[in-house]
Amino acid sequence: MPNGPRSVSPVATGTERIFGDLREVAARVRAELEAEIVESALELPAGAAPAAEISRFARDERARVLEAGVSGLEKLAGHREDELDEGEVFGVEAIVLLEGRPAILVQRQDFAPQHDEWAVLEPQRPAIRESLARVGRVEVTGHPSLDWIGTAFLVGPRTVMTNRHVAAEFSRLEGERWMLEFGMSARVDPAEELPLEGEPPGPSVPYEITDVIGIHPDVDMALLRVEPSAEDGLPTPLAVAADAPASLPGRPVYVIGYPAWDGRRNEPESMRRIFMDVYNVKRLQPGAATEFTPGGLVMKHDCSTLGGNSGSPVFDLVDHRVLGLHFGGRYRTGNFAVPLWELVDDPLLEKAEVNWV
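Computed from a predicted model, the values in this text were never measured in an experiment. (Residues numbered from 1 in each chain as written. Predicted model: local features only at pLDDT ≥ 70, side-chain atom pairs only at ≥ 80, totals over all residues. Heavy atoms only, no water.)

Trainee: Any chance you could break down the overall build of the chain for me, citing the residues and the numbers?
Mentor: Within the chain, the secondary structure is distributed over eight helices and 16 strands. Considering the chain as a whole, with its 357 residues, one finds that 50% of them fall into the buried category. Of all intrachain contacts in the chain linking residues separated by at least 6 positions in sequence, the fraction that spans at least 24 positions is 70%. (Helix = DSSP H or I, 4+ residues; strand = E, 2+ residues; numbered from the N terminus. Buried < 20%, exposed > 50% of the residue type's maximum accessible area, 1.4 Å probe, protein only. Contact = heavy atoms within 4.5 Å.)

Trainee: Tell me about the confidence of the model for the chain, and please be specific about residues and values.
Mentor: For the chain, per-residue confidence averages 85 on the pLDDT scale, and residues scoring 70 or more make up 84% of the total. Segment residues 1–12 is flagged for pLDDT under 50; beyond a separation of four residues in sequence, or across chains, it makes 56 contacts in the model. Confidence drops under pLDDT 50 across residues 38–44; counting only partners more than four residues distant or on other chains, this segment forms four contacts. (pLDDT = per-residue confidence, 0-100.)

Trainee: Explain the sheet that holds strand β8 (residues 185–189) to me, using residue names and the numbers behind them.
Mentor: As summarised here, the arrangement of the six strands in space is β3-β4-β5-β10-β9-β8, forming a closed barrel in which the pairing is antiparallel. Here the strands of the sheet are splayed against their neighbours by 45° on average, with no regard to which way each runs. Pairing geometry for strand β3 (residues 135–141) and strand β4 (residues 148–156), over five bridges, is antiparallel. Across the sheet, Val 138 pairs through a bridge with Gly 150, a residue of β4. (Pairing = 2+ DSSP bridges. Axes fitted to C-alpha atoms, helices over the stretch in contact; angles between N-to-C directions.)

Trainee: Describe helix α4 (residues 86–100), naming the residues involved and giving the relevant values.
Mentor: Helix length check: α4 (15 residues) gives 20 Å between terminal C-alpha atoms against 21 Å at 1.5 Å per residue, within 8%. Most of α4 is tucked away: eleven of the 15 residues are buried. Residues Glu 88, Phe 90, Gly 91, Val 92, Glu 93, Ala 94, Ile 95, Val 96, Leu 97, Glu 99 and Gly 100 constitute the buried set of α4. Between the side-chain oxygen of the N-cap and the backbone nitrogen of Gly 87 there are 3.1 Å, and the N-cap of α4 in question is Asp 85. (Expected span 1.5 Å × (residues − 1). Polar contact = N/O pair within 3.5 Å; in protein donor to acceptor, adjacent residues only side chain to side chain.)

Trainee: Explain the pairing of strand β16 (residues 334–339) residue by residue, including any values.
Mentor: If a strand is regular, its side chains alternate between the two faces of the sheet. For β16, a buried count of six out of six residues is recorded, marking the element as mostly surrounded by other parts of the structure. Alignment of strand β13 (residues 299–301) against β16, held across three bridges, turns out to be antiparallel. Considered in β16, the bridge of Met 299 is made with Ala 337.

Trainee: Which residues make up unusual backbone geometry, and what are the values?
Mentor: The phi torsion at Glu 192 lies on the positive side, around 55°, for a residue other than glycine. Relative to the assigned elements, Glu 192 resides in the loop between β8 and β9 (207–215). In this structure Glu 192 comes out as partly exposed when scored by relative accessible area, which is 26%.

Trainee: Tell me about the nonpolar core, residues and numbers included.
Mentor: Within the largest apolar cluster, 33 residues are counted, with the highest numbers of intra-cluster contacts made by Met 161, Met 221, Leu 223 and Leu 284. Elements with a contribution of two residues or more to this core: β1 (104–107), α5 (125–132), β4, β11 (252–257), β15 (322–330), β16 and α8 (347–351). Tallying contributions element by element places β15 first for this core, with three residues. The residues touching Leu 284, leaving out its near neighbours within four places in the chain, are Pro 102, Ala 103, Ile 104, Val 106, Phe 111, Leu 121, Ile 128, Tyr 254, Val 255 and Ile 256. Counting residues in hydrophobic clusters, the runner-up holds 21 residues, among them Val 140, Leu 146, Val 166 and Phe 170. (Core = buried A, V, L, I, M, F, W, Y, C linked by side-chain atoms within 4.5 Å.)

Trainee: Residues and numbers for the pairing of β4, please.
Mentor: Extensive coverage of β4 is indicated by the burial of nine of its nine residues. Following β3, the chain reverses through six residues before pairing antiparallel with β4; Gly 142 in that reversal takes a positive phi of roughly 95°.

Trainee: Help me get a handle on α5, residues and values and all.
Mentor: It helps to recall that an α-helix has 3.6 residues per turn; residues three or four apart then point in one direction. Those residues of α5 that sit buried are Arg 125, Ile 128, Ser 131 and Leu 132. All buried residues of α5 lie within an arc of 115° about the axis, which places them on one face of the element. Considering only its buried residues, α5 is in contact with β1, β2 (110–111), β3, β11, β12 (283–292) and β14 (313–316). (Arc of directions from axis to C-beta.)

Structure below.
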């Protein structure tokens, strides 16, 4: 991904805020581990054994990390934070990512049934699917080193929103006007999912980026003109929040985007094994808004995002309006987004015909 702000997951921050009853979570994870160990004890057919070695190693590594995480949760529940060792901290992070702040794979513009902390997503599934269809991966042709850059989403009849640092990879400033870079093309593909096992990838109908409407002077935002590459046209744009929710800190939200591999965290090889090394594809990333100062141009959230989430929308899980434009994060601190309602009278967003609701 390009240089500039890149977000990494703010895992293991506010664990009690995320889970509530840490002992209950520890007991559930321990029970799941024990059930998995019993199942894995079954003998494999001789011909399948060699092919299964890698996945067995990954399962063993995952179990080792999660067992340490269970121990860490139990110490946190007993207010023994000072006794946590490095392996237990990492294990707690893994449990937070897997259970409390997951990055759920999107396949066929849908997601697997959710339980426990995120069973709340189930009644919201139809609205979330509508959101999924309007978010895509920003892909480029002619770039010297990249074939995709970040995430963008439909906010107007022919308008997508993303970050300035994403658009800067395929555009340039000439005088006072931003233009598409000569010799390069860009598009937004709302598919780019991990295919279902045994099935071909789903259909892809990308939007061609034809112009730069503008780059915001004060926040990390770009607005781009798009055209459909098929006769069906573009979907209706997402609803963008014209006003702030009644209460923001603690409000459930979700991000949609394309998290990319980021090796700047502790024990990257272990984390790769835990999450099966699946990156660069569409994911649903639930969490909560954590902080906002009225009148400011930054809101914080704790969804588990990575570098490719640059330009992702932050949705309100209550009414599915877009609250923010994700632009970066800091490990163990939080993630940052532009609170869009603060720009409701901004002339650039008016020019882009943003769908305020």
